[in-house]
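# Descriptive analysis of the structure
Single-letter residue listing:
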Amino acid sequence: MPEVLFEVKNNIAYVTVNRELALNCFNYETLRQLQAVTDAIHLDPEVNVVIFTGAGDKAFSAGADLKERKTLGDTEVRRNVKAIRSVFNSIADLPQPTIAAVNGYAFGGGFEWMIACDFSIAVKGAKMGLTETSWAIIPGAGGTQRLPRLVGEMKAKELILTAKKITAEEALDLGILLKVVEKDRLLTACEQLAVSMMNNGPVAVKQAKYAITQGMNTDLQTGLAIESKAYELIIPTEDRLEALNAFSEKRSPQFKGK
């Protein structure tokens, strides 16, 4: 069985780390396959939204595969850390909106995977956290940078330096999650969010995501310049004219992503 499952339905890509018995932990082969799938999605014009999740109902991902890690030398550890950092950066850089369907534990690298996505929706009672310091390491796949941007510097330091585990409900209060739902509602909630975005112009959605993401990492004036350039790319699109025609004709627009 492949360690990463991938399918596209109704313009939504579903990506599942398929290591249920290992709590969907990341070994090197899983990272390699996840990178390949992410690269394919980046270039796929048929994919408008991506939903990431883990197999089964116990774990989204419990992070790095420590059984594999114990067998690795320093060079191989560096290889794995580089691979997990690279794939999560690739997920964060996808032009399509991304949703983490957090079906259970999200620890260490699993938590970093979750916060590399644009949105995270979790099941009630799910436990999560950046627990790396309890293993005498630090978050190495974006956690020390993305978490402070979500919750602020002081709270991020508390969570990382104490290796604190929190519930989905606590994560919701901190702004880490978009919502918390019953287990049998997780996929439906993610798909509803996906559809609510796909009802809009695909090019506009991608450019809006780009402007927000890039602007958050710079000063206001540079961010406004990024927004201006993103808008310029939208002006000549067929979808923009279709929206205006649909308004005047009192009908729903039929967007083509062009």
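Moving on to the nonpolar core. Counting 59 residues, the largest nonpolar core has F52, F88, M114, M128, L147 and I176 as its most contacted members. At six residues, helix α8 (residues 186-198) tops the list of elements feeding residues into this core. Setting aside residues up to four positions removed in sequence, L147 forms contacts with F111, I115, L130, G142, G152, A156, L159, I160 and I176.

Once that is clear, we can look at unusual backbone geometry. Residues other than glycine predominantly adopt negative phi, and peptide bonds predominantly adopt the trans conformation. Unusually for a residue other than glycine, N11 sits at a positive phi of about 70 degrees. With respect to the secondary-structure elements, N11 resides in the loop between β1 (4-9) and β2 (12-17). We classify N11 as partly exposed; its relative accessible area is 31%. Despite not being glycine, N24 shows a phi value in the positive range, around 55 degrees.

Remark: a regular strand shows side chains that alternate across the two faces of the sheet. For strand β3 (residues 49-54), the buried fraction is high: six of the six residues fall into the buried class. Taking every second residue as pointing to the same face, both faces of β3 are buried, with V49, I51 and T53 on one and V50, F52 and G54 on the other. For β2 and β3, the ladder comprises six bridges, and the chain directions are parallel. The partner of V15 across the bridge, within β3, is F52. Following the backbone out of β2, through helix α1 (residues 28-42) and into the adjacent parallel β3, one traces a crossover that is right-handed.

Glancing now at the sheet that holds strand β8 (residues 127-129). Remark on secondary structure: sheet strands pair via backbone hydrogen bonds, oriented parallel or antiparallel. Spatial ordering of the open sheet is given by β4-β6-β8-β9, a layout of four strands whose pairing is mixed. Of all strands in the sheet, those with a lone pairing partner are β4 (59-61) and β9 (166-167), marking the two edges. Examined bridge by bridge, β8 and β9 share two bridges and lie antiparallel to one another. Note that in β9 the partner of K127 across the bridge is T167.

It is worth spelling out the layout of surface pockets at this point. Its boundaries defined by the atoms lining it, the largest pocket holds a volume of some 970 Å³. Together, 33 residues line the largest pocket, and I115, C117, D118, L150 and T213 are the ones closest to its centre. Of the residues forming the lining of the largest pocket, the biggest block, six residues, is contributed by helix α9 (residues 202-215). When grouped by side-chain class, the residues that make up the lining of the largest pocket number 17 nonpolar, ten polar and six charged. A volume near 660 Å³ is recorded for the second largest pocket. If you go around the second largest pocket, you meet 26 residues; those closest to its centre are G63, A64, L66, W135 and I137. Contributions of two or more residues to the lining of the second largest pocket are made by α2 (66-70), α3 (74-92) and α4 (109-115).

Okay, the pairing of β1 next. Relative to β2, β1 runs antiparallel, the two being bridged by six bridges. Considered in β2, the bridge of K9 is made with I12. Taking the residues that link successive antiparallel strands as the turn, the β1-β2 hairpin has two residues, and the phi of N10 there is positive, at about 55 degrees.

Turning our eyes to something else, we now look at α8. Taking 1.5 Å per residue, 13 residues should reach 18 Å; α8 reaches 18 Å between its end C-alpha atoms and fits that length. For α8, the full list of buried residues reads L186, A189, C190, L193, A194 and M197. Considered in projection along α8, the buried side chains sweep an arc of 135 degrees and stay on one side of the axis. Residues of α8 that are buried in the fold lie against β2, β3, β5 (98-102), β7 (119-123), β10 (179-181) and α9.

Cut-off values and rules
The residue numbers shown here count from 1 along each chain, following its written sequence. The model is predicted, so local features are restricted to residues of pLDDT at least 70 and side-chain atom pairs to those at 80 or more, both for listing and for counting; the totals for chains, interfaces and linings are taken over all residues. Neither water nor hydrogens contribute to the side-chain values; these are computed over all heavy atoms in the structure. By convention a nonpolar core is built from buried Ala, Val, Leu, Ile, Met, Phe, Trp, Tyr and Cys residues, the set being connected through side-chain atoms within 4.5 Å. Categorising residues by exposure relies on relative accessible area from a 1.4 Å probe, with only protein chains included: less than 20% of the type maximum marks a residue as buried, more than 50% marks it as exposed, and the intermediate range marks it as partly exposed. Put simply, DSSP marks the helices as runs of H or I at least four residues long and the strands as runs of E at least two long, and each gets a number from the N terminus on. Contacts: residue pairs with any heavy atoms within 4.5 Å of one another. When DSSP finds at least two bridges between two strands, those strands are taken to pair. Think of it like this: strands point away, you trace from the first strand over the helix to the second, and a clockwise trace means the crossover is right-handed. Note on definitions: the grid is 1 Å and covers protein atoms alone; a cavity is a set of points where a 1.4 Å probe fits but cannot get out; a pocket is an open set with protein on both sides within 12 Å along at least five of seven lines; lining residues have an atom within 4 Å of a point. Grid points are joined across faces, edges and corners, and a volume is the space filled by probe spheres set on the points. Three residue categories are used. Nonpolar comprises Ala, Val, Leu, Ile, Met, Phe, Trp, Tyr, Cys and Pro, charged comprises Asp, Glu, Lys and Arg, and polar comprises the others, including Gly. Each helix should span, by expectation, one fewer than its residue count multiplied by 1.5 Å. The arc in question is the one spanned by the directions pointing from the helix axis to the C-beta atoms.

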